[in-house]
Amino acid sequence: MAEQTFYDNTPFEYGYSSKAEIIVNMNPLLKKVMKDNAGKVFCDIGCGCGRNLVYAVKYASKVVGVDLSKASLDFAKKYVESEKLDLIEGDNLTIPLESNFADLVVSDGVCHHTGDTVKAFSECVRILKTDGVLYLAVYKKYRYYPLIYYIVGGFFRMTYKSKIGMYIVENLFVKLHYLMYKVLKKKQLKKMETRNIFFDYFITPIATFQSYSDVKSWCNDYNCSIKNYARTSGNCHVFIINKDV
Ligand SMILES: C[S@@+](CC[C@H](N)C(=O)[O-])C[C@H]1O[C@@H](n2cnc3c(N)ncnc32)[C@H](O)[C@@H]1O
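The numbering scheme is per chain: residues are counted from 1 as the chain's sequence reads. Residues qualify for local features only when their pLDDT is at least 70, as the model is predicted, and side-chain atom pairs are given and counted only at 80 or more; totals for whole chains, interfaces and linings, by contrast, use all residues. With hydrogens and water stripped out, all remaining heavy atoms of the structure feed into the side-chain values.

1. Here's the deal with the pairing of strand S6 (residues 224–230)
Between any two strands, at least two bridges found by DSSP are needed for them to pair. In this description a helix means any DSSP run of H or I spanning at least four residues, a strand means any run of E spanning at least two, and both kinds are numbered starting from the N terminus. Summarising the sheet, S6 and strand S7 (residues 236–243) pair through 6 bridges and their orientation is antiparallel. By the bridge assignment, Ser 225 is partnered in S7 with Asn 242. Counted along the chain from S6 to the antiparallel partner S7, the turn is 5 residues long, and its residue Thr 232 has a positive phi close to 60°.

2. Focus on the sheet that holds strand S4 (residues 102–108)
On the basis of which strands lie adjacent, the open sheet formed by 7 strands has the order S3-S2-S1-S4-S5-S7-S6 and mixed pairing. Because the sheet does not close on itself, it has two edges, and the strands there are strand S3 (85–89) and S6. Each strand of the sheet is rotated relative to its neighbour by a mean of 20°, with strand direction disregarded. Bridging between strand S1 (residues 41–45) and strand S2 (residues 62–67) involves 5 bridges; their strand directions are parallel. Across the sheet, Val 41 pairs through a bridge with Lys 62, a residue of S2. Whenever a helix is involved, its axis is fitted only over the stretch in contact; in every case the axis is a line through C-alpha atoms, and angles between N-to-C directions fall within 0 to 180 degrees.

3. Digging into the packing of helix H7 (residues 145–159) against helix H8 (residues 163–184)
Orientation of H7 relative to H8, taken along the N-to-C sense of each, is 125°, at an axis distance of 7 Å. The angle between the axes of H7 and H8 places the two elements in the oblique class. Across the interface between the two elements, Phe 155, Phe 156 and Thr 159 from H7 touch Gly 165, Met 166, Val 169 and Phe 173 from H8. Partitioned by chemical class, the residues of the contact of H7 with H8 number 5 nonpolar, 2 polar and no charged. Roughly parallel means an angle under 35 degrees; roughly antiparallel means over 145; roughly perpendicular covers 65 to 115; every other angle is labelled oblique. Pairs of residues are marked as contacts when any of their non-hydrogen atoms sit within 4.5 Å. Throughout this entry, Asp, Glu, Lys and Arg are counted as charged residues, while Ala, Val, Leu, Ile, Met, Phe, Trp, Tyr, Cys and Pro are counted as nonpolar. The remaining residues, Gly among them, count as polar.

4. Points about the packing of aromatic side chains
For this analysis, a ring pair means two rings from Phe, Tyr or Trp (six-membered ring only for Trp) whose centres lie within 6.5 Å, classed as stacked if their planes differ by under 30 degrees, edge-to-face if by over 60, and tilted for the remaining angles. Counted by the stated rule, this structure contains 29 aromatic pairs. A ring pair is formed by Tyr 16 and Phe 75, whose centres lie 5.2 Å apart and whose planes are at 85°; its orientation type is edge-to-face. With Tyr 16 in the loop between helix H1 (6–9) and helix H2 (19–25) and Phe 75 in helix H5 (residues 70–80), this pair connects stretches of sequence that are 59 residues apart. Ring plane angle 65° and centroid distance 5.1 Å describe the contact between Tyr 139 and Tyr 145, whose orientation is recorded as edge-to-face. Residue burial is assigned from relative accessible area. The probe radius is 1.4 Å, only protein chains are included, and a residue is buried under 20% of its type maximum, exposed over 50%, and partly exposed in between. A relative accessible area of 6% places Tyr 139 in the buried class. One residue, Arg 157, lies across the ring of Tyr 149, its end atom 3.9 Å from the ring centre. By definition here, charges over rings are those cases where NZ of Lys or CZ of Arg is within 6 Å of the ring centre and within 35 degrees of the ring normal. Above the ring of Phe 199, the side-chain terminus of Arg 195 is found at 4.5 Å from the ring centroid.

5. Structural notes on the site of the ligand
Around the ligand, 19 residues are found, and the nearest of them are Gly 46, Arg 51, Asp 67, Asp 91 and Asn 92. Between an oxygen atom of the ligand and a side-chain N or O atom of Arg 51, the distance comes to 2.8 Å. Contacts described as polar in this section are N or O atom pairs within 3.5 Å, which, within protein, must combine one atom able to donate a hydrogen with one able to accept it, while residues neighboring in sequence count only if both atoms come from side chains. Contact distances for the ligand include 3.3 Å between a nitrogen atom and a backbone N or O atom of Leu 68. Accessible surface is estimated by sampling points in the Shrake-Rupley manner with a 1.4 Å probe; for residues, cover comes only from the protein chains shown. When the ligand sits alone it has 590 Å² of accessible area, and the protein chains cover 97% of it. A per-class count over the shell around the ligand returns 5 nonpolar, 9 polar and 5 charged. It suffices for a single heavy atom of a residue to lie within 4 Å of a molecule or strand for the residue to be listed as near it.

6. Regarding the packing of H7 against helix H9 (residues 191–203)
In contact at an axis separation of 8 Å, H7 and H9 are set at 105° when each is read in the N-to-C sense. It follows that H7 is roughly perpendicular to H9 by the angle criterion. Residues Tyr 145, Ile 148, Tyr 149, Val 152, Gly 153, Phe 156 and Arg 157 of H7 form the contact with H9, whose own contacting residues are Phe 198, Asp 200, Tyr 201, Phe 202 and Ile 203. For the contact of H7 with H9, the per-class residue count stands at 9 nonpolar, 1 polar and 2 charged.

7. Side note on the pattern of salt bridges
Criterion for a salt bridge: a side-chain nitrogen of Lys or Arg within 4 Å of a carboxyl oxygen of Asp or Glu. This model, assessed by the stated rule, comprises 8 salt bridges. One salt bridge in this structure joins Asp 108 and Arg 51, with 3.6 Å as the shortest N-O distance. One end of the pair, Asp 108, is in strand S4; the other, Arg 51, is in helix H4 (residues 51–59), with 57 residues separating them in the sequence. By relative accessible area, which is 28% here, Arg 51 ends up partly exposed. Here Lys 141 and Asp 214 are joined by a salt bridge, their closest N and O atoms 3.0 Å apart.

Quick look at the structure:
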């Protein structure tokens, strides 16, 4: 049996109350590349619980979702329910798919959690057909989140290592975070959902941060070019990348 991963314990699952809501909240550039590549083969590497697969199955001829977390894939299978969809338990660092397989590869908030961001990127490019498109969302280097992840997150991660610390995080900080969401955000999420957000934000064991020029230099190294870019208001920035001939 495969080893339990961090995201098996806290899948990236929130805001799945309706498919319509998921689509409204999707990045417009992601929706656009999916529409522009209608009828083609899509892969979502690190698809998690499948929020992007919901829209992908509307447009693709075939969709493959890959993730390390079996719990996330099980959720995605039930949630998305499409004959076009294949789900594979696999590692972004050695994607179990042949080269030149997909017309569109989606990597939404994944490469920065793998431990080798450049290798994860290069694997996404490897499975792309020539002239195919990669939708890449990675954490921004120049924003307050890296500091929060290292300092506040570092404190939580350290605390969570002991049994007593785990108890304190679960029963104090996770609950305070839930209350904060309830009071400050318009969207009402369940406790389990805000717990998943808390873990992804603070406790996730691996996170790296990339600048625009970091991604540009990977593109130079792997014969790709950036066709579109969005800084977005959140922690990630988004790149639309072409695999050049
Ligand atoms: C922040 S979640 C994003 C999930 C999904 N892309 C989304 O936007 O909803 C990160 C996902 O990456 C997956 N992941 C992390 N490292 C991975 C690896 N080396 N190979 C495959 N998946 C990985 C996790 O299991 C998790 O589902």
